[in-house]
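Structure at a glance
Spelled out, the chains give:
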Amino acid sequence: MRAGLNKIIGTGLNLAVQAGMRRLSAVSGRLLHLPTKVWFEIERGCNLRCRYCDAWRRPQRGGLELGDWLRLLREARRWIGPFSLSFGSGEPLLAPEKLLPLIREASSFGVLTTCVTNGTLLDRPLLDALRAAGLGRLMISLDSADAATHDQIRGAAGVFASAVRGVRLALSLKGGPSVYILSVVSDRNAGRLPEILEWAAGEGVDGLTLQPLSGYKPGRDMLVKDQAALDLALDRLAAMKAAGYPLSNSAASLKLIRAYYAGLPFEGKGALCGSYHSLRVYADGEVRSCAHKPALGNAGKAGLEGIWDSSHSRETLRAIAACRGYCMLNNTNFGEGFAERCRNLLCHAAGRRMQ
C-alpha cells in the first residue's frame, strides 16, 4: 500500500510541476518542460483489419529490439522522472516477449503503464502475466454494444465476442489492472454511444473513453454525417456522466467532439495540445510528438533527451503550441478539470491493484 501511495504522490508531483513548466514554455517560446506522456509502438502489425486504422496497412520495416526499448525506458525514467507510458498501435499483445518485460521494469520504478488492445488475444495466462508484471491500466477497444456493428468496423466476424470475453476475463482478475473501454466515434456508432456506456457500466468497467475518428487516416468515409444524432447522443452522455456513469471524457471534451464533427471553429482558448508534452516512439525508432508534424529524430540513432533538446524539436514544439486545430485524440480531449484530473490520476496509479 505504501509503495502504491508513494507512486501516486511522486507521479502527481512530477506531472504538476511539468504542467506548470509547459505553460512557461508556451509563454516564453523556450523549451522548459519535459514530456510526461510517452508512447511505445513495440509492434507495428495487427491481427485485425479495422476500416479506419492505418497500422496494419503500413510496411513492416525493421523494428527496435527489446534491448533498445529497455534502454529507452531507462533513459526516459532517469531523465523525466515518473511519467505515463502507453503501448499501442498495432496490437501490443502480439509481442508479449517485449511487452511484459517493459511493463515489469516500468512498474518497478513508478511509471504508470497503459496497454491499448483490441482484446481478442486476451486469455487467463496472458492476463495473469500482465498482472504479475504490474500493468496499471488495460484499455480494450470496443466500438459498439452489438456484435454486427463492431465486427463490421473491425473487419472480421466474431471480433465482438472475443473482445467482450477479454473484457470479462480482465474484470474477473483479482488485483489486476484497471479496465477501460476505448470507443472510436464514427458514422457507424454516433447515435448509439449511450448504449456503449450503458453496457460498460453494466459490466463494471472503470471507465469509457471516446476518441473521435481522425480525418487524416483511412476510413474518412466513416466521419459522422448525422450531426443531429450525434448531438442527441452527446447530450445523453453528458447527463449520464453527471448521474455517475463511468465516462472518462470531461464535459468540455464532449463539447469539443461535437464541434469537431460539426466543423465549427476551434475554441480551446489557452489550451495546449497533448502532443506538446508527448513523445511517440514508433517500431522503427522514429520519434514524434505530433503524428501530423515532422519526426523529431530516430531513437535507434540518438537518445530521447538529445532528440527532445534539439533545435529541430524546439521549432516543432513551438508549432504545436500555436496549433488551434482539431485532432482526433489530443485537442478534443481538452477541458478536464483539476478535480477530474486528480481522480483519473488516482485511478490510473492505483488501478485495481490497491482495491
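Residues numbered from 1 in each chain as written. Predicted model: local features only at pLDDT ≥ 70, side-chain atom pairs only at ≥ 80, totals over all residues. Heavy atoms only, no water.

Observations concerning the overall build of the protein chain
The criterion, for reference: Strands here mean DSSP runs of E at least two residues long; helices mean DSSP runs of H or I at least four residues long; both are numbered from the N terminus. Each residue gets one of three labels from its accessible area relative to the maximum for its type: buried under 20%, exposed over 50%, partly exposed in between, using a 1.4 Å probe on protein chains only. Only the protein chains shown count as cover for residues, and the accessible areas themselves come from Shrake-Rupley with a 1.4 Å probe.
On a plain count of helices and strands, the protein chain comes out with 12 helices and nine strands. The burial tally for the protein chain puts 53% of its 355 residues in the buried class. In the form shown here, the protein chain has an accessible surface area of approximately 14700 Å², with 56% of it arising from carbon and sulfur atoms.

Looking at the side chain of T113
Put simply, the rule is: Between N or O atoms, a polar contact is any pair within 3.5 Å; within protein, one atom must be a potential hydrogen donor and the other a potential acceptor, and residues adjacent in sequence are included only when both atoms are from side chains.
By the secondary structure assignment, T113 is in strand 3 (residues 112-117). A distance of 3.1 Å separates the side chain of T113 from the backbone nitrogen of G136, its partner in a polar contact.

Re the sheet that holds strand 4 (residues 137-141)
Just so we agree on the cut-off: One requirement defines pairing of two strands: DSSP has to find at least two bridges between them. Throughout, a residue-residue contact means that at least one pair of heavy atoms, one from each residue, lies within 4.5 Å. In this analysis an axis means a line fitted to C-alpha atoms, helices contributing only their contacting stretch, and an angle means the value between N-to-C directions, from 0 to 180 degrees.
Read across the open sheet, the nine strands follow the order 6-5-4-3-2-1-7-8-9; overall the sheet is mixed. Lying at the two open borders of the sheet, with one neighbouring strand each, are strand 6 (207-212) and strand 9 (297-298). Across four bridges, the pairing between strand 1 (residues 37-40) and strand 2 (residues 84-87) is parallel. Its bridge partner being in strand 2, W39 is matched across the sheet by S86. Against the sheet, helix 6 (residues 159-171) makes contact with strand 4 and strand 5 (178-185), and its axis sits at roughly 160° relative to strand 4, the strand it touches most.

Focus on the packing of aromatic side chains
Operational definition: Only the six-membered ring of Trp is used, alongside the rings of Phe and Tyr, when aromatic pairs are assigned; centres must lie within 6.5 Å, and planes under 30 degrees apart are stacked while those over 60 apart are edge-to-face, with the rest tilted. Should the NZ of a Lys or the CZ of an Arg lie within 6 Å of a ring centre and within 35 degrees of the ring normal, that charge is described as sitting over the ring.
According to the stated counting rule, one finds five aromatic pairs in the structure shown. An angle of 65° between the planes, with centres 5.0 Å apart, marks the rings of W39 and Y282 as edge-to-face. With W39 in strand 1 and Y282 in the loop between strand 7 (278-281) and strand 8 (286-288), this pair connects stretches of sequence that are 243 residues apart. Each of the two residues, W39 as well as Y282, counts as buried. Through a chain of ring-to-ring contacts, the aromatic side chains of F40, W69 and F87 assemble into a single cluster. Over the face of the ring belonging to Y180 we find R137, whose NZ or CZ atom lies 4.5 Å from the ring centre. The cationic tip of R280 hangs over the ring face of W39; the distance from NZ or CZ to the ring centre is 4.2 Å.

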